[in-house]
Structures are given as C-alpha cells and as structure tokens.
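An overview of the molecular structure
These are the residues of each chain, in order.
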Amino acid sequence: MQTTIDKALENTPEGLEAERILRSCVHCGFCTATCPTYRLLGDEVDGPRGRIYLIKGLLEGKEASNKTQMHLDRCLTCLACETSCPSGVEYGHLLDIGRQLINKKVRRTPIERFYRYLIRKILPYPGRFSFFLRLGRGVRFILPGKFRKMIPEIKHTKVPESSRHKSMHKRKMILFSGCVQPSLSPEINCATTHLLNKLGIETISSHGEMCCGAINHHMAVDDSGLSFIKNNIDAWWPYIEEGIEAIVISASGCGAMIKDYGYILRNDADYKDKAHQVSMMAKDVGEIIVAEEIETLRKMIKVNSRRIAFQNPCSLQHGQKIKDEIENLLKKLGYQVESIEDANQCCGSAGAYSLLQTKLSEKLRRKKISALEAVKPDVILTANIGCQLHLQQATEIPVKHWIEILEEDIQS
Ligand code: SF4
Ligand code: SF4
C-alpha cells in the first residue's frame, strides 16, 4: 500500500514503522470476513482493511474525526485478521500507532475521559481492584441483575497443600500473578502451582511485579503502559540472572502482552535486549504442560467424564498462535472435547472492551454462548480470566480455566 507519510511523522520511529506495515498490505480483503465487528456491523470501516485505510489517512495528515476514533475504538484487538492475512500484515502494531495518533488529535467527552481514567487507575492495581470488588460484593444483593452478574461471588475452593508450601525443585519458573485474577479467581494460579509442582517445577512469585501493562497500552492515552512493562522487566531480571527457566502466565491476555514486550521496547536502548529476553521466556501455562510427556500426565490425572466445550481466547489463538494444542492435550488425556462453531471468533471480552463497548461486546457474547451451548457441554473451558468472567455472566453452565479441570482430576 503506497503511503505518503505526513512531514510531522516522516522519519519518526512510529512513522517508519507504520509505513513498513502499510507497505505489506495488498488490500486483498481476505481479513474482512474473519473480523467479528465487520460481521456484526457490515461496514468496511468496521473491518481491518477499512481501519487500515483510516490509519493510513491519519498518517498522511488527513483530518481526524470522532467517527474515525469510533471505528478504531470498535476494534477488539482480537487479531483474527492477522491470522487470516496471507501477507503477514501486523495489524495490531499498526492499530497501536493509529490509536496513539487519533487520541492525540481528537479529544473525548469529559464523561468518556473520566470513565477511561477510572479503568486505567483501578483495574491494573490489585489493591485498588480488590477494594472495589469487596465493596461491590458487599452491596451486590441490592444491585439490578445485570450489574450483580458482573460481580462474581467468592468461590470457596480448597487450596492444595503443595501450592501453599514452597517446593524445592531444580526447575524453577516465575508465575505471573496478574492484576485482576488474584482477586477474582485465585484458584487458577493455585491450580497452576500445584500441577507444575507435581511435574517437578517450582513456581516463584516475583517481588515488585505489576500488571502486564495491556490495559494502559491498548487504551493508548499516555506512556503508563511502558512504565508497567519496564517495572516488570526490572522485577524479573534478578530471577532471570539466577537462571529461572521461564515466566509462566495463566491468563492468555497477559501472555500475549508479555510476549510483545520485545517489540514494544525495540527502540529503547536501555531495555530492548532485556525486553526481548523476557518475551522469549514468557510461556502460557499450556505450552509448559503440552511439552510434558503425555504418559506422565496420564499417570497423574484420572479423567472425570464430562462433556467439554473449549473457548480458545483470541489472545491465545491469534495473539500467541496457540491454536489447537490445548484442546488436543485435553483429548489425548481422555476428555470429551466438542468442536464449536466459529471458534476463531471473539467472545467480546477483549480486555477493557466489554466495559467500553458494552453493546457490541454483549452481541458477540450472545453469539459465542449460542455456539458453546449448542454442543450441550457440562463445563465450558477457557484460558483467560477476562473471557471466563465475561462468558459466565451469560450462561448457567460453569465456565472455568482448563487448568482447574486438570487440578480437580489430579490423583492425590
Ligand atoms: S488480508 Fe492482509 S493484505 Fe489483505 S487487506 Fe487484510 S491486512 Fe491487507
Ligand atoms: S483485531 Fe479483530 S476486531 Fe480488530 S480489525 Fe482485526 S479482526 Fe477486526
């Protein structure tokens, strides 16, 4: 795609990078049919190719409007378009540049700014988030049904002994704790710790680690996303120097973000090498477990027969390119996993999207829930806390992280 970058951006790192990405797009439109927002709204500018044109216009200095901002806001950053693009266009990276530009040029209403400010100042901070969650749980009973469903009840899960005590295995990995997951579903990381411990891997909680930075980075308001990223690199570096094997992440949204640290900091002289190393060491918990001998796992896990529908989060299948591996692992272990229709489509959770684009998000969730319920599962499994809570609000079928099922079936 031929582009004439505006003088103000020409030769800047963003301008050069955007030009490189734009050049790789041959406007074939193969991506359009896989885009959830295009499929819902049927408008070219609510699909990847249309959004690429809008971003190209911004880079060429064309007038930016609220409408352009709205079409970019409506993008889920699900990256289904990247998976279906035959030319390898890095749409997600281009969108980040486009959002930075539009947010500098178009001022949002005071209400929108305040709402976005609250999201950025509460969600990424576990202490603040946990305070508001407890507050919400306290008044849950007087809230209307829709809001009540948004506040999950406390699950009284038994924490396995081996996740409480420090194990002393030779293999050691940092277990990323995340920002909202410890308050909403601590059992996910307990199950991860327990299972990895059974596999001879000690998990370490690193001091000083914070949110992965995805919320702030994708909202593209300021550099606060970068502060989270640099903070985490500094927090993990001493452990990396001591020889830990990997950084394990049980929320695929965070995993996709951490795997992108190297790209995001590629021009930062102080951090680029460290960021690249961190990205190389970041692993979804599925990658660790899939790499184990299937026979070892079979001996550990006694499959409890259940009909399973697996919802593969966009951040796992499109962001991290982990497509069928977890479903295949579950099948090999003996679980009955049903295939669902439109498995490549987003459930509408998409980080803060469900809070910012509620109507579109609910429509996408309805579609996803129909596809999942159509196979009549006993349990719906996923790999990301955001998707898990988002889906659970709209179905009576329990929605869990797949690691929780392995944990339930583990032989004592
Ligand atoms: S599929 Fe790829 S090359 Fe074709 S229009 Fe979409 S982004 Fe461009
Ligand atoms: S990231 Fe998802 S929503 Fe955005 S353009 Fe691509 S396919 Fe569409």
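Structure shown above.
So, a few notes on the structure that sits alongside this text. A quick note: this is a predicted structure, and the numbers were derived from the prediction, not measured.

As a further point, take the overall build of the chain. In terms of regular secondary structure, the chain is built from 25 helices and eight strands. Taken over the C-alpha trace, the chain has a radius of gyration of 21 Å; the compact-globule value for 412 residues is 22 Å, and the two agree within 12%. Taken along the three principal axes of its C-alpha coordinates, the chain extends 65 × 50 × 45 Å. Every one of the 412 residues in the chain was classed for burial, and the buried ones make up 54%. Of the roughly 19300 Å² that the chain leaves accessible, carbon and sulfur atoms contribute 54%. Considering the chain, the positive charge centre built from 57 side chains and the negative charge centre built from 49 side chains are found 5 Å apart.

The next subject is the nonpolar core. Tyr261, Ile289 and Trp402 are the most contacted members of the largest nonpolar core, which has 101 residues in total. The element that contributes the greatest number of residues to this core is helix H14 (residues 224-242), accounting for seven residues. Those residues within four positions of Ile289 in sequence are excluded, and the remaining contacts are Leu195, Leu196, Leu199, Leu297, Leu329, Trp402 and Ile403.

For ligand 1, the set of nearby residues contains 13 residues, the closest of which are Cys25, Cys28, Gly29, Cys31 and Cys85. When atoms are counted within 2 Å of each cavity's grid points, the one that captures over half of ligand 1 is the largest cavity. Its residues placed into classes, the shell around ligand 1 shows nine nonpolar, three polar and one charged.

Next up on the list: helix H7 (residues 110-122). Here H7 is 13 residues long and its end C-alpha atoms lie 18 Å apart, about the 18 Å a rise of 1.5 Å per residue gives. Here H7 has its buried residues at Arg116, Ile119, Arg120 and Ile122. Summarising the contacts, the buried residues of H7 are in contact with helix H4 (66-73), helix H8 (126-139), helix H13 (214-219) and helix H22 (353-356).

Turning to the site of ligand 2, a few remarks are in order. In the neighbourhood of ligand 2, 13 residues make up the surrounding shell, with Cys35, Arg51, Cys75, Cys78 and Cys81 lying closest. Placement of ligand 2 is best described as lying within the second largest cavity. Elements with a contribution of two residues or more to the shell around ligand 2: helix H2 (36-41), helix H3 (48-59) and helix H5 (80-84). Of the residues in the shell around ligand 2, the class split is 10 nonpolar, two polar and one charged.

Further remarks concern the sheet that holds strand S2 (residues 201-204). Spatial ordering of the open sheet is given by S2-S1-S3-S4, a layout of four strands whose pairing is parallel. Lying at the two open borders of the sheet, with one neighbouring strand each, are S2 and strand S4 (282-284). In this sheet, neighbouring strand axes are inclined to one another by 40 degrees on average, regardless of whether the strands run parallel or antiparallel. Judged from the four bridges that link them, strand S1 (residues 171-175) and S2 form a sheet pairing that is parallel. Within S2, the residue paired with Met173 across the bridge is Thr203. Here helix H12 (residues 186-198) sits on the sheet and contacts S1, S2 and strand S3 (246-249); the angle it forms with S2, its principal contact strand, is near 150 degrees.

On to the packing of H3 against H4. At a minimum axis distance of 10 Å, the contact between H3 and H4 shows a crossing angle of 135 degrees. On the basis of the axis angle, H3 is oblique to H4. For H3 against H4, the interelement crossing comes out left-handed. Together, Arg51, Leu54, Ile55 and Leu58 of H3 and Thr68, His71 and Leu72 of H4 make up the contact between the two elements. Per-class residue counts for the contact of H3 with H4 are four nonpolar, two polar and one charged.

Tallying each qualifying case throughout the model produces 24 salt bridges. Its salt-bridge partner being Arg20, residue Glu17 comes within 2.7 Å of it at the nearest N-O pair. Placement of the pair is Glu17 and Arg20 together in helix H1 (residues 13-24), with a separation of three residues, close to one helical turn. The class of Arg20 is partly exposed, set by a relative accessible area of 41%. Between Glu60 and Lys56 there is a salt bridge; the shortest N-O distance is 3.2 Å. Connected through shared salt-bridge partners, Glu17, Arg20, Glu90 and Arg266 make up one network.

Basis of the calculations
Residues numbered from 1 in each chain as written. Chains lettered and ligands numbered in written order. Predicted model: local features only at pLDDT ≥ 70, side-chain atom pairs only at ≥ 80, totals over all residues. Heavy atoms only, no water. Helix = DSSP H or I, 4+ residues; strand = E, 2+ residues; numbered from the N terminus. Rg over C-alpha atoms; globule rule 2.2 N^0.38 Å. Buried < 20%, exposed > 50% of the residue type's maximum accessible area, 1.4 Å probe, protein only. Areas by Shrake-Rupley, 256 points an atom, 1.4 Å probe, with all protein chains shown as cover. Lys, Arg positive; Asp, Glu negative; His and termini not counted. Charge placed at Lys NZ, Arg CZ, Asp CG, Glu CD. Core = buried A, V, L, I, M, F, W, Y, C linked by side-chain atoms within 4.5 Å. Contact = heavy atoms within 4.5 Å. Near = heavy atom within 4 Å. 1 Å grid on protein atoms, 1.4 Å probe; cavity = no way out; pocket = protein on both sides within 12 Å on 5 of 7 lines; lining within 4 Å. Sits in = over half its atoms within 2 Å of the grid points. Nonpolar A, V, L, I, M, F, W, Y, C, P; charged D, E, K, R; others polar. Expected span 1.5 Å × (residues − 1). Pairing = 2+ DSSP bridges. Axes fitted to C-alpha atoms, helices over the stretch in contact; angles between N-to-C directions. Parallel < 35°, antiparallel > 145°, perpendicular 65-115°, else oblique. Left-handed = near helix turned anticlockwise from the far one by under 90°. Salt bridge = Lys/Arg side-chain N within 4 Å of Asp/Glu carboxyl O.

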